[in-house]
Amino acid sequence: YLAHRPLRVFSMTLPAHEHNLSPHDAIGAWAEEFASGIDPLAPFFDAFETALSFVIQEGLSIPGRIAVGGLSRGGLIAIHAIGRSEALSSLFAFAPMTSLQGAREFAHLQSNSLVATYDAASQAKNIGNRPVWIHMGLSDTRVSADDAFDFAKTLAARGNKHVEIHFIPSIGHMGHGTSPETFAKGAEWISAMLKA
């Protein structure tokens, strides 16, 4: 249903997802690196900024007409990506993780200041008034529906008038599943944002 409007889609592999590693183990791998004093996400964001600059310089996309999004931990990455770049125009997130410290793999890192810098709320000021669309299972206990709601409230409290958060009955393990229909709604929202 997006065929009437050609969209270019670019993706990047998150840390600890490459080389046939199990995505189920990625959060644990991140936690191990943070515990060792290594930030596994900083090199990813450096690469992301380089890739985004290349896409814009080559005329493959137009600043201010680029949406960014992700699922679960990818949603957290997308939140930080839009907070770091004015070229990104809108954010969509399916069942987003909004705090690494909320993941059971990070239970032993509750007082780690480096981990805390990746809380989604830290990017609320940088996101400003750009449109944000969040879809969340109401009883998602893997990443916390309450935390996602708190993030949306933080954005709204900072004056963002374009925040949408949709709660639906949860599906999947720990209520953390996302249905094909939800992905379709997200695609429709992205299309509408990029047309505006």
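All values reported here derive from a predicted model rather than from experimental measurement.

About the cut-offs
- Residues numbered from 1 in each chain as written.
- Predicted model: local features only at pLDDT ≥ 70, side-chain atom pairs only at ≥ 80, totals over all residues.
- Heavy atoms only, no water.
- Phe/Tyr/Trp six-rings, centres within 6.5 Å; stacked < 30°, edge-to-face > 60°.
- Buried < 20%, exposed > 50% of the residue type's maximum accessible area, 1.4 Å probe, protein only.
- Helix = DSSP H or I, 4+ residues; strand = E, 2+ residues; numbered from the N terminus.
- Right-handed = clockwise from strand over helix to strand, strands pointing away.
- Polar contact = N/O pair within 3.5 Å; in protein donor to acceptor, adjacent residues only side chain to side chain.
- Contact = heavy atoms within 4.5 Å.

Asks: When you look at the packing of aromatic side chains in this model, what are you seeing that I'm missing?
Replies: The relative placement of two aromatic rings is captured by the distance of their centres and the angle of their planes. This structure, assessed with the given rule, holds 9 aromatic pairs. Seen from their ring centres, Phe44 and Phe45 are 5.6 Å apart, and the 80° between their planes marks the pair as edge-to-face. Residue classification places Phe45 among the buried residues on the basis of a relative accessible area of 0%. Their ring planes at 80° and their centres at 5.7 Å tell us that Phe94 and Trp133 sit as a pair that is edge-to-face. On the criterion of sequence distance, the pair formed by Phe94 in strand S2 (residues 88–94) and Trp133 in strand S3 (residues 132–137) is long-range, its members being 39 residues apart.

Asks: Hey, could you run me through the pairing of strand S1 (residues 66–71) in this one?
Replies: In summary, the side chains of a regular strand alternate between the two faces of the sheet. What you see with S1 is a clean split: Ile66, Val68 and Gly70 sit on the buried side and Ala67, Gly69 and Leu71 on the side with no burial. As a crossover connection, the stretch from S1 through helix H3 (residues 73–84) into S2 is right-handed.

Asks: So what exactly am I meant to see when it comes to the side chain of Gln123 here?
Replies: The topology assignment puts Gln123 in the loop between helix H4 (113–116) and helix H5 (124–127). Within polar-contact distance, the side chain of Gln123 engages the side chain of His80 at 3.4 Å. For Gln123, the residues in contact, after removing those within four places along its chain, are Ile79, His80, Gly83 and Arg84.

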